[in-house]
Amino acid sequence: MTIQRIGVIGAGLMGNGIAQVSAQAGFSVSMIDVSGDALRTGLATITANLDRLAKKGKLSDTECMATLARIDATADYKALQDADLIIEAATENPSLKMQILRQIESIVRRDAVIATNTSSISITQFAAVLDESVRFIGMHFFNPVPVMALVELIRGVQTSDATHVAASSFAQRIGKTPITVKNSPGFTVNRILVPMINEAVFVLQEGLASAGDIDAGMTLGCNQPIGPLALADLIGLDTLLAVMQVFYDGFNDPKYRPAPLLKELVAAGRLGRKSGRGFYVYC
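Per an unreviewed UniProt entry, the recorded name for the protein is 3-hydroxybutyryl-CoA dehydrogenase, and the organism is Cupriavidus basilensis.

Laid out in structure tokens, this is it:
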């Protein structure tokens, strides 16, 4: 199928990023969120991102205005009626995501592709709540979406070849490189990355080194562009904890147990950059 109109559910960090890159690529986008404040913040974030690109000479003022004009921010799910591809980008809460997916399917055309931006939860499990499960696929974007080049495409047991081809084509049209992975807790990238971050939290918890020295060791010794604890703050400690819990529950293996310090910081509301404090202080 030819994809022209995009629906994005969620105006948060991932949702507004997906909306921005889709609109920049020329797609008409409906960005939906139940919160008016979230929609306003999402549009403000997109505007600020485009302004930075304009100042760097990567986009003209005309292109910035055209990109914003392609985005319709609304709380009304009826805006999805003509969408060809809908990407759910709500928080990593399985019951919430399933509720949203059912709501999407009740409105969209029968030939529309439905995708989720989950970073760790089973695509097969989500597909099972849909009547037309063959049109469902995982499209895992990475943060920050306008910068990161990768999209993981995750096929559930039910996902059709046509759905996979449509999702892969769309990813390429918005300038991303898609890789296809099997459905498994954490898929491929997070299966490797998140346990590494969790181990860095254990190292900090045990007092083996300071947060700054752990990050310096990994950036200078392993040539990583950002240390694991700084990356944890960027991703969000609540998100990391949720992913580790998916691993722990899915594999029944103690090597995936979340670090107690990670659980403690999340309980304290120290979620990283988005709350102003995590392993580092940002305010």
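Back to the write-up after that little detour.
Counted by the stated rule, this structure contains 4 aromatic pairs. Ring geometry for Phe247 versus Phe251: centroids 6.3 Å apart, planes at 55 degrees, classification tilted. Taken together, the positions of Phe247 and Phe251, both in helix α10 (residues 237-251) and 4 residues apart, correspond to about one turn of that helix. On the basis of relative accessible area, Phe247 is assigned to the buried category, the value being 0%.

Moving on, we get to the environment of Leu80. Mapped onto the fold, Leu80 is located in the loop between β3 (71-74) and β4 (85-88). Leu80 sits in the buried class, given a relative accessible area of 0%. Between the C-alpha atoms of Leu80 and Leu265, which are 185 residues apart in sequence, the distance is 38 Å. If sequence neighbours within four positions are ignored, Leu80 has contacts with Gly7, Ile9, Ile32, Ile86, Ile104, Ile107 and Val108.

Moving on, we get to the UniProt feature "site: Important for catalytic activity" (unreviewed entry) in the protein. What UniProt calls "site: Important for catalytic activity" (unreviewed entry) maps, in this numbering, to His140. Relative to the assigned elements, His140 resides in strand β6 (residues 136-141). Residue class for His140 comes out buried when judged on its relative accessible area of 5%. With residues near it in sequence (within four places) discarded, His140 still touches Thr116, Asn117, Thr118, Ser119, Leu150, Val151, Glu152, Ile154 and Asn190.

Let us now look at the pairing of strand β2 (residues 28-32). Of all 5 residues that make up β2, 4 are buried, and the element is covered over most of its length. Where strand β1 (residues 5-9) meets β2, 5 bridges bridge the pair, whose relative direction is parallel. The residue bridging Arg5 from the neighbouring strand is Ser28, located in β2. Remark: the β1/helix α1 (residues 13-24)/β2 crossover connection has right-handed handedness. Where β2 lies against β3, 4 bridges are found, and the strand directions are parallel. From the neighbouring strand, Ser30 faces β3, where its bridge partner is Asp72.

Here Lys274 shows up in the segment after α11 (260-267). You can call Lys274 exposed: its relative accessible area is 53%. Ignoring anything within four residues of it in the chain, the contact list for Lys274 reads Gly236, Asp238 and Thr239. Here Asp238 takes part through its side chain, which lies 2.9 Å from a polar atom of the side chain of Lys274.

Ranked by internal contacts, the top residues of the largest apolar core, which has 35 residues, are Ile6, Leu85, Ile87, Met139, Phe141 and Phe170. Looking at this core, the element that brings in the most residues is α1, giving 5 residues. Sequence-distant contacts of Ile87, defined by excluding residues within four places in its chain, comprise Gly7, Val8, Ile9, Ile18, Ala115, Asn117, Met139, Phe141 and Phe170. Counting 24 residues, the second-largest nonpolar core is a separate cluster that includes Ile32, Ile86, Ile123 and Leu130.

Turning our eyes to something else, we now look at the pairing of strand β8 (residues 177-182). Two elements, strand β7 (residues 150-155) and β8, share 6 bridges in a ladder whose sense is parallel. Across the sheet, Ile154 pairs through a bridge with Val181, a residue of β8. Between the parallel elements β7 and β8, the chain passes through helix α6 (residues 161-173) in a crossover that is right-handed.

Quick notes on the rules
- By convention here, each chain's residues receive numbers from 1 onward along its written sequence.
- In keeping with the predicted nature of the model, local features appear solely for residues at pLDDT of at least 70, side-chain atom pairs appear and are counted solely at 80 or more, and the whole-chain, interface and lining totals rest on all residues.
- Computation of side-chain values: all heavy atoms of the structure, hydrogens and water removed.
- Pairing of aromatic rings covers Phe, Tyr and Trp, the last through its six-membered ring, and needs centres within 6.5 Å; plane angles under 30 degrees mean stacked, over 60 mean edge-to-face, and all others mean tilted.
- In this text, helices come from DSSP runs of H or I with a minimum length of four residues, and strands from runs of E with a minimum of two, each type numbered from the N-terminal end.
- Any residue under 20% of the maximum accessible area for its type is buried, any over 50% is exposed, and the rest in between are partly exposed; the area is computed with a 1.4 Å probe on protein chains only.
- Residue contacts follow a heavy-atom distance rule, with two residues in contact if any of their heavy atoms lie within 4.5 Å.
- UniProt positions are given in the numbering used here, feature names are shortened, and annotations may be inferred rather than shown by experiment.
- At least two DSSP bridges between two strands are needed for those strands to be called paired.
- Place the viewer so that the strands point away; then a crossover is right-handed whenever the path from the first strand over the helix to the second strand goes clockwise.
- Throughout this description, a polar contact denotes any pair of N or O atoms lying within 3.5 Å of each other; where both atoms belong to protein, one of them has to be capable of donating a hydrogen while the other can accept it, and for residues adjacent in sequence the pair is counted only when both atoms sit in side chains.
- To form a nonpolar core, buried Ala, Val, Leu, Ile, Met, Phe, Trp, Tyr and Cys residues must be joined to one another through side-chain atoms within 4.5 Å.

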